2 protein chains.
Amino acid sequence: MMTVEQLQEKTERARAVLPALLDEKNRRCALDLIGQALLLNKEEILSANERDLEGAKRQGVPSAMCDRLLLTDERLLSIAEAVKQVALLPDPLGVEKSYTLENGLLIQKHRVPLGVIAMIYEARPNVTVDATALTLKSGNAVILKGGKEAFFTNTALVKVMRSALSALHLEDAVYLVEDTDRAVVDVLLAMRGQIDLVIPRGGKGLIRHVVDHAKVPVIETGAGNCHLYVHEKADLQKALKVLINAKVSRPSVCNAAETLICDKAVAPVFLKMADEALSALNVELRADEQALLLMPHADPSTEEDFATEYNDYILAVKTVSGIEEAVAHIAKYGTRHSEAILTEDDAAAEYFMARVDAAAVYRNASTRFTDGGVFGMGAEIGISTQKLHARGPFALEALTTWKYKIYGEGQVR
Amino acid sequence: MMTVEQLQEKTERARAVLPALLDEKNRRCALDLIGQALLLNKEEILSANERDLEGAKRQGVPSAMCDRLLLTDERLLSIAEAVKQVALLPDPLGVEKSYTLENGLLIQKHRVPLGVIAMIYEARPNVTVDATALTLKSGNAVILKGGKEAFFTNTALVKVMRSALSALHLEDAVYLVEDTDRAVVDVLLAMRGQIDLVIPRGGKGLIRHVVDHAKVPVIETGAGNCHLYVHEKADLQKALKVLINAKVSRPSVCNAAETLICDKAVAPVFLKMADEALSALNVELRADEQALLLMPHADPSTEEDFATEYNDYILAVKTVSGIEEAVAHIAKYGTRHSEAILTEDDAAAEYFMARVDAAAVYRNASTRFTDGGVFGMGAEIGISTQKLHARGPFALEALTTWKYKIYGEGQVR
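This structure is a prediction, so every number in the text was calculated from the model and none was measured.

Conventions and cut-offs
- Each residue is numbered by its place in its chain's sequence as written, counting from 1.
- As a convention, the first chain written is A and the first ligand written is 1, with the rest following in written order.
- Totals for whole chains, interfaces and linings use every residue, but because this is a predicted model, local features are given only for residues with pLDDT of at least 70 and side-chain atom pairs only at 80 or more, for both listing and counting.
- The helix count covers DSSP runs of H or I at least four residues long, the strand count covers runs of E at least two residues long, and both are numbered beginning at the N terminus.
- To get the radius of gyration, use the C-alpha atoms; to get the globule rule, take the number of residues to the power 0.38 and multiply by 2.2 Å.
- Three exposure classes are used, all based on how many other C-beta atoms lie within 10 Å of a residue's own C-beta (placed from the backbone): buried at 20 or more, exposed at 12 or fewer, and partly exposed between those limits.
- Contact between two residues is assigned whenever their backbone-derived C-beta positions fall within 7 Å.
- Any two strands with at least two DSSP-identified bridges between them are counted as paired.
- With its strands directed away from the observer, a crossover is right-handed exactly when the path from the first strand over the helix to the second travels clockwise.
- For a helix, the expected span equals 1.5 Å multiplied by the residue count minus one.
- Each copy is superposed on the other by least squares, with the fit set by C-alpha atoms of residues at a pLDDT of at least 70 in both.
- With axes taken as lines fitted to C-alpha atoms, and helix axes fitted only over the stretch in contact, angles between N-to-C directions fall between 0 and 180 degrees.
- Note on residue classes: Ala, Val, Leu, Ile, Met, Phe, Trp, Tyr, Cys and Pro are nonpolar, Asp, Glu, Lys and Arg are charged, and everything else, Gly too, is polar.
- Start and end points for every domain follow an automatic or database-based domain assignment.
- Each nonpolar core comprises buried Ala, Val, Leu, Ile, Met, Phe, Trp, Tyr and Cys residues, the members being joined through C-beta atoms within 7 Å.
- An angle below 35 degrees is treated as roughly parallel, one above 145 as roughly antiparallel, one from 65 to 115 as roughly perpendicular, and anything else as oblique.
- Left-handed describes a crossing whose near helix is turned anticlockwise from the far helix through less than a right angle; right-handed describes the clockwise counterpart.

Thoughts on the overall build of chain A
Next, step 1: Regarding its fold elements, chain A presents 15 helices and 16 strands.
Next, step 2: Here the C-alpha radius of gyration of chain A, 24 Å, is about what a compact globule of 413 residues would show, namely 22 Å.
Next, step 3: Its C-alpha atoms give chain A principal-axis dimensions of roughly 70 × 70 × 35 Å.
Next, step 4: The 413 residues of chain A split such that 51% are buried.
Next, step 5: In chain A, 71% of the contacts between residues at least 6 apart in sequence involve partners at least 24 apart.

Now the structure itself:
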């Protein structure tokens, strides 16, 4: 395994590049060069990716995961295109506010980079490039720790990017931890004062581990046990359409719905509709006692079902006698990601949206909309389920902090 | 000691009050009632304070600490006055941004309270009231854990405030952990999901302990090992005036200077001036080898001196051969609070202010200005030395987060 000293040395080298990254021209140029280099070195990258895929298949990695690992001509093109898009976003750095005190002191509040950011992620190699583009765009350096399945791909991608950056003497701004041992994660998590932020992206296990062990600041991402509450005053056709979208349009993502909460007043009608429609779409239903009676295709749910983010064609169903019970259920089991109410009643909608503690609360719309691109951020690093610094979809601004620059002529207090 | 269950029950009661605190009228009324009640119950509060002071004197608590503990008619009046000032600040909650997507979805970004905030602090009883006013103003509930020296005072203050709040049925929004055992702190720090933020205020030991042990989010405050760098192009008269102010105007606070860094080019003149002026003001000087030769009143410094926040009439002195060495010294020993350069050279000032990583960087002004009131925030909860969520002086906004409310008519993705 890499020694702590080796990681520290790489981190120090990354930090040494930060002053040069304050220059917007350097950052713009860096992203342009990376975008071009990815396409110019297509063969090298794709053949490294083939090597990873062969290894993954030999080790019996599931085909869904192999697909996430796979790069094609088209996918590489779209990765390079995303770098170009990030380059075109407004500069997140610079003077945010400037004012002069009565004593003549000029105070400037500057948006500045956080510093050295570590990304810890799993199979998808596009994260290697996306994360690099977003961290460089915001003036930060990045330490990448990808999954072992993508080792050769990530190594090739980072080699190509570093070589592109070397024309600007900025190669040390991007560093891949080649050690695929998970223990190296714990070393990164302990580098307080050397790493300014860790962003974990991946499964629940990884995120939990990072949050529990980090001595460095973390932005927690992605856990989404999202609920859809069908209120007694819901338009049931509308509710069904939203439910189907929230569950089956892409079950593997964090903004998909995992539990349907149905008001008892509309359960006899709505649960029958949901049972028919969802079972026809191959969604497995796990229903509480009351719902079970109304849903012929459902199996009984357990306590654990309500706490589970399936990321799959499975839906838990809970019946409640009113909005308070729905809100209480979400408070108990929700992960503060995205929650929806289906209702035509304004007061009920406002009650729900004020009381449910989540990054995004919806009235009569699918939870699937929680996304940086949809919200107009131009990009997304992840979806934060914490309340401090970043909440919900976050992008460039969350990779910055601020600094007060104060100009005087000898003022004293 | 209080059981975990007892603390959890209090925290749940506090959380139950949160919906009522969303109403701005309730919050305004709450602060008005608290301000009035403090004055109406003056005798009760002051006599409780006397009891604390007697206890402190019996136990030989140093007189500086006794003074921080002391309440007088005048001090209580100014505490009540501060509550009134907080009440008059603009509401930190509400819609921050509102936009409609092409598909008709209305997205509103709302500033919302964090939830239940725990304040862990030491002797000063004014924190009990200040923290309550600021957390309530921003719609949060507060769990207070004060120091044992102020036990009777804090108990009286919280009793008076809760009784005032009971007229609005909001008494559970403020709770004092009566247990003065330090172990109760660790219970609070582990209440992930129940406490939304912990703010430690006090000595380095307390803050370090909180940061190291917290499983809940923390805003780290107050450690200030601040430097003043006298560049070779400094106006030395100006520099001396700023140095004296930064060191002796109030040595006990976190924005006071602890180390003078002097460029060798001006050391023969400036260190002699500083030696005379500061020794006449009873400042103890701890100088490195080169400085020692120029400062007849100084003692030799050790490595530890440069890492120490004295909070006292002591100044460490370091000589450097140029700005790079000054910046490196600050990177090594600084606490990212406030750092100053004294120079008439624009390029040197910009170099220093861009490269020094701190919440506030000064050119030709005293570090003592780092303060929420001075910066125009109308109040201050503390000075954050971390980069995420809050940096530098922070007030109401840092006690909020945001929530996206999304209104649709059945939109799906």
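With respect to the pairing of strand β8 (residues 257–263) of chain A
Residue and element names in this part refer to chain A.
Next, step 1: β8 sits mainly inside the fold: seven of its seven residues count as buried.
Next, step 2: Sheet analysis places strand β7 (residues 226–230) next to β8, joined by five bridges and oriented parallel. Residue pairing across strands places Tyr229 opposite Ile261, the latter belonging to β8.
Next, step 3: Read as a crossover between parallel neighbours, the route from β7 over helix α10 (residues 236–248) to β8 is right-handed.
Next, step 4: Bridge count for β8 against strand β11 (residues 314–320) is five bridges, and the pairing is parallel. Looking at β11, one finds that Cys262 is bridged to Thr319.

Description of helix α6 (residues 126–137) of chain B
Residues and elements named next belong to chain B.
Next, step 1: In this model, α6 (12 residues) spans 16 Å end to end at C-alpha, consistent with the 16 Å of a helix rising 1.5 Å per residue.
Next, step 2: Of all 12 residues making up α6, 11 are buried, and the element is well covered by its neighbours.
Next, step 3: Those residues of α6 that sit buried are Val127, Thr128, Val129, Asp130, Ala131, Thr132, Ala133, Leu134, Thr135, Leu136 and Lys137.
Next, step 4: Looking one or two places after α6, you find Gly139, whose phi comes out positive at around 85 degrees.

With respect to the pairing of strand β12 (residues 338–342) of chain A
Residue and element names in this part refer to chain A.
Next, step 1: When you tally the buried positions in β12, you get five out of five residues, the bulk of the element.
Next, step 2: Residues of β12 alternate between two faces, with Ser338, Ala340 and Leu342 on one and Glu339 and Ile341 on the opposite face, all of them buried.
Next, step 3: Sheet analysis places β7 next to β12, joined by four bridges and oriented parallel. The residue of β12 that forms the bridge with His227 is Glu339.
Next, step 4: Relative to strand β13 (residues 360–365), β12 is paired through four bridges, and the arrangement is parallel. Along β13, the bridge assignment pairs Ile341 with Arg363.
Next, step 5: Handedness of the crossover joining β12 and β13 through helix α15 (residues 346–355) is recorded here as right-handed.

A closer look at the relation of the copies chain A and chain B
Each of the two chain copies goes to the other by way of a rotation about an axis and a shift along it.
Next, step 1: Rotating chain A by 180 degrees about the axis while translating it 0.0 Å along that axis superimposes it on chain B, leaving an RMSD of 0.1 Å. Look at the turn and shift together and you get a two-fold axis relating the two. Closest approach to the rotation axis among the C-alpha atoms of chain A is made by His389(A), whose C-alpha sits 2.0 Å away.
Next, step 2: By residue overlap, the copies meet face to face through one surface: 98% of the interface positions of chain A are interface positions in chain B.

Some thoughts on the sheet that holds strand β3 (residues 116–121) of chain B
Residue and element names in this part refer to chain B.
Next, step 1: Reading across from one edge, β5-β4-β3-β6 is the order of the four strands in this open sheet, with parallel pairing throughout. The sheet is open, and its two edges are formed by β5 (174–176) and β6 (197–201), each paired on a single side. For this sheet, the mean angle separating the axes of adjacent strands, direction not counted, is 20 degrees.
Next, step 2: Note that β3 and β6 share five bridges and pair parallel. Paired with Tyr121 across the bridge in β6 is Arg201.
Next, step 3: Where helix α7 (residues 151–166) meets the sheet, it contacts β4 (141–145) and β5, and its direction lies at approximately 155 degrees from that of β5.

Here's the deal with the sheet that holds strand β2 (residues 106–113) of chain B
Next, step 1: Strand order in the open sheet formed by 10 strands is β10(A)-β9(A)-β11(A)-β8(A)-β7(A)-β12(A)-β13(A)-β16(B)-β2(B)-β1(B), with mixed pairing between adjacent strands. The sheet is open, and its two borders are formed by β10 (299–300) of chain A together with β1 (94–100) of chain B, each paired with just one other strand.

Thoughts on the interface of chain A and chain B
Next, step 1: Listed as interface residues are 48 residues of chain A and, on the opposing side, 47 residues of chain B.
Next, step 2: For the side of chain A that touches chain B, the secondary-structure elements that each account for two or more residues are α10, α15, β13 and β16 (400–411) of chain A.
Next, step 3: Per-element tally for the side of chain A that touches chain B: the top contributor is β16(A), with 11 residues.
Next, step 4: Counted by class, the side of chain A that touches chain B contains 24 nonpolar, 12 polar and 12 charged residues.

Concerning the domain arrangement of chain A
Next, step 1: Domain parsing of chain A yields domain 1 (4–221 + 389–407) and domain 2 (226–369).
Next, step 2: Averaged C-alpha coordinates put domain 1 of chain A and domain 2 of chain A at centres separated by 36 Å.

Overview of unusual backbone geometry
Next, step 1: Its identity is not glycine, yet Asn282(A) carries a phi of approximately 65 degrees, on the positive side.
Next, step 2: Note that Asn282(A) resides in the loop between α11 (267–280) and β9 (284–287).
Next, step 3: Phi angles above zero are rare outside glycine, and Arg336(B) is one such case at about 65 degrees.
Next, step 4: Structurally, the position occupied by Arg336(B) is in the loop between α14 (323–333) and β12 (338–342).

Describing the environment of His209(A)
Next, step 1: With respect to the helices and strands, the residue His209(A) is situated in helix α9 (residues 204–213).
Next, step 2: In this structure the C-alpha to C-alpha distance between His209(A) and Glu9(A), which are 200 residues apart in sequence, comes to 25 Å.

A few points about the nonpolar core
One broad trend across soluble globular proteins is that nonpolar side chains are buried collectively.
Next, step 1: Ranked by size, the top nonpolar core spans 69 residues in total, and within it Met119(A), Ile143(A), Ala173(A) and Val198(A) carry the most contacts.
Next, step 2: Take this core: its biggest share by element is seven residues, from helix α7 (residues 151–166) of chain A.

Topic: the packing of helix α3 (residues 42–58) of chain A against α7(A)
All names here are of chain A.
Next, step 1: Interaxial distance between α3 and α7 falls to 7 Å at its minimum, and their mutual angle equals 160 degrees. Taken together, α3 and α7 sit at an angle that is classed as roughly antiparallel. As for the relative orientation of α3 and α7, their crossing is right-handed in sense. In this structure, α3 uses Glu44, Ile45, Ala48, Asn49, Arg51 and Asp52 to contact α7, whose residues at the interface are Phe151, Phe152, Thr153, Thr155, Ala156, Leu157 and Val160.
Next, step 2: Per-class residue counts for the contact of α3 with α7 are seven nonpolar, three polar and three charged.

Some points on the packing of helix α2 (residues 24–40) of chain A against helix α6 (residues 126–137) of chain A
All names here are of chain A.
Next, step 1: The geometry of α2 relative to α6 is characterised by a closest axis approach of 9 Å and an angle of 165 degrees between their N-to-C directions. The orientation of α2 with respect to α6, classified from their angle, is roughly antiparallel. By crossing handedness, the relation of α2 to α6 is classed as left-handed. Where α2 abuts α6, its residues Arg27, Ala30, Leu31, Ile34 and Leu38 lie against Val129, Thr132, Ala133, Leu136 and Lys137.

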